[in-house]
Amino acid sequence: MPFVIAVDGPAASGKGTLAQGLARLYGLPHLDSGLLYRAVGVAVETSGGDLGDAAAAEAAARALGPADLADPRLRTREAGEAASRVAVYPAVRAALKAFQHAFAAQEPGAVIDGRDIGTVICPNAAAKLFVTARPEVRAERRWKQLVGQGETVSRAEVLDDIRIRDERDSGRAASPLKAADDAVLLDTSEMTIDEAADAARRIIEAARVRQGFTPKG
Ligand code: CDP
């Protein structure tokens, strides 16, 4: 059975960085599932469509190809907002499921981060991490990232974005953001990146030993 690590959590909690680090540590491929939703949102907007139109979003999700995931526009503030708007549609989520399942099925395993990986996409994942941090801490991290990318935005605006996104992601009926019952919670509010990576590694090591997975090399 592939060794699958599911890393879920709210916006800017640090789950992507932690997932990347774990993937490197164990020599596993990493999928940032948020990119799929971002690509759908950006595709709808680029074609002049309406994010409130579920059918347009579903069509964009079905048409998604690997090249769409490399677009630098996916990292913008606008793309994050568009992603969370199209992510509420069950048909969009269904269209993106097969790709995520195939990614999780590869040997010797995979690291996938998102909102519903441990609950819906890979409920049988060997290891599940739910990464959180206080909204103010997440806003500060995201603000630095966006400004570093050249965006002009205030801290207050980013905090507003985060609160709105938290509410939408947690409140939606289709695969809401929530920790799986068997996920280990990791609050990174008071941790540096290195401390969080260390804590994540310790948590995942226990699952790795349980499953008997040995990384190559
Ligand atoms: O990086 P950040 O946490 O801000 O966002 P992301 O992981 O790229 O996800 C962007 C949006 O996509 C989220 O706010 C969710 O609405 C949606 N998403 C989802 O519904 N399910 C996933 N597995 C991943 C992302």
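To keep things clear, this report deals only with the structure shown in the data block. Treat the numbers as computed from the prediction; the structure is a model and nothing was measured. For every chain, the first residue of the written sequence is number 1, and numbering continues from 1 along that sequence. Per-residue local features of the predicted model are confined to residues with pLDDT of at least 70, and side-chain atom pairs are confined, for both listing and counting, to 80 or more; whole-chain, interface and lining totals are unaffected and use all residues. In computing side-chain values, all of the structure's heavy atoms are included and hydrogens and water are not.

1. Details of the overall build of the protein chain
On a plain count of helices and strands, the protein chain comes out with nine helices and five strands. To qualify as a helix, a DSSP run of H or I must reach at least 4 residues; to qualify as a strand, a run of E must reach at least 2; elements of each kind are numbered from the N terminus. When the elements of the protein chain are put in sequence order from the N terminus, they spell out β-α-β-α-α-α-α-β-α-β-α-α-β-α. Radius of gyration here uses only the C-alpha atoms, and the compact-globule reference equals 2.2 Å multiplied by the residue count raised to the power 0.38. Against the compact-globule benchmark of 17 Å for 217 residues, the protein chain has a radius of gyration of 17 Å, which places it among compact chains. If one aligns the C-alpha atoms of the protein chain with their principal axes, the spans along those axes are about 50 × 35 × 30 Å. We call a residue buried when its accessible area falls under 20% of the maximum for its residue type, exposed when it is over 50%, and partly exposed in between, using a 1.4 Å probe and counting protein chains only. Burial analysis of the protein chain (217 residues in total) assigns 45% to the buried set. Considering only contacts in the protein chain between residues 6 or more positions apart, those separated by 24 or more positions represent 79%. In this description, accessible areas are obtained by the Shrake-Rupley approach with a 1.4 Å probe, and a residue is regarded as covered only by the protein chains that are shown. Summed over all atoms, the accessible surface of the protein chain reaches about 10500 Å², with 55% contributed by carbon and sulfur. The contact criterion used throughout is that any non-hydrogen atoms of two residues lie within 4.5 Å.

2. Remarks on empty space enclosed by the protein
For each structure, a 1 Å grid was placed over the protein atoms alone; sets of points admitting a 1.4 Å probe that cannot get out are labelled cavities, open sets with protein on both sides within 12 Å along at least five of seven lines are labelled pockets, and lining residues have an atom within 4 Å of a point. Grid points are joined across faces, edges and corners, and a volume is the space filled by probe spheres set on the points. The tally for this structure, following the rule as stated, stands at one cavity of 30 Å³ or more. Put simply, the largest cavity is a space of about 40 Å³. Forming the boundary of the largest cavity are Ala6, Asp8, Gly118, Lys128, Leu129, Phe130, Lys178, Ala179, Ala180 and Ala183. Taken together, the elements giving at least two residues each to the lining of the largest cavity come down to strand S1 (3–8) and strand S4 (127–132). Per element, the largest residue contribution to the lining of the largest cavity is three residues, and it comes from S4. Split into classes, the residues belonging to the lining of the largest cavity amount to six nonpolar, one polar and three charged. Three classes are used, and their members are as follows: Ala, Val, Leu, Ile, Met, Phe, Trp, Tyr, Cys and Pro are nonpolar, Asp, Glu, Lys and Arg are charged, and the others, Gly among them, are polar.

3. Here's the deal with the site of the ligand
Around the ligand sit 18 residues, and of these Lys15, Arg38, Arg142, Arg165 and Asp169 come closest. A 3.5 Å cut-off defines polar contacts: any pair of N or O atoms within that distance qualifies, except that in protein one atom must be a possible hydrogen donor and the other a possible acceptor, and neighbouring residues in sequence count only when both atoms are side-chain atoms. Take aspartate 116: an N or O atom from its side chain is 3.0 Å from a nitrogen atom of the ligand. Within the side chain of arginine 165, an N or O atom sits 2.6 Å from an oxygen atom of the ligand. Here the ligand, which alone exposes 530 Å², has 96% of that area covered by the protein. Each molecule is checked against the cavity or pocket grid, and it sits inside if more than half of its atoms lie within 2 Å of the grid points. Judged by the fraction of its atoms near the pocket grid, the ligand is located in the largest pocket. For this description, a residue counts as near a given molecule or strand if any of its non-hydrogen atoms is within 4 Å of it.

4. A few points about the environment of arginine 142
As for its placement among the helices and strands, arginine 142 is situated in helix H7 (residues 135–148). For the pair arginine 142 and leucine 159, spaced 17 residues apart in sequence, the C-alpha separation works out to 8.8 Å. In this structure the side chain of arginine 142 is engaged in a polar contact, spanning 2.9 Å, whose partner is the side chain of glutamine 145.

The values are spatial; any link to function lies outside them.
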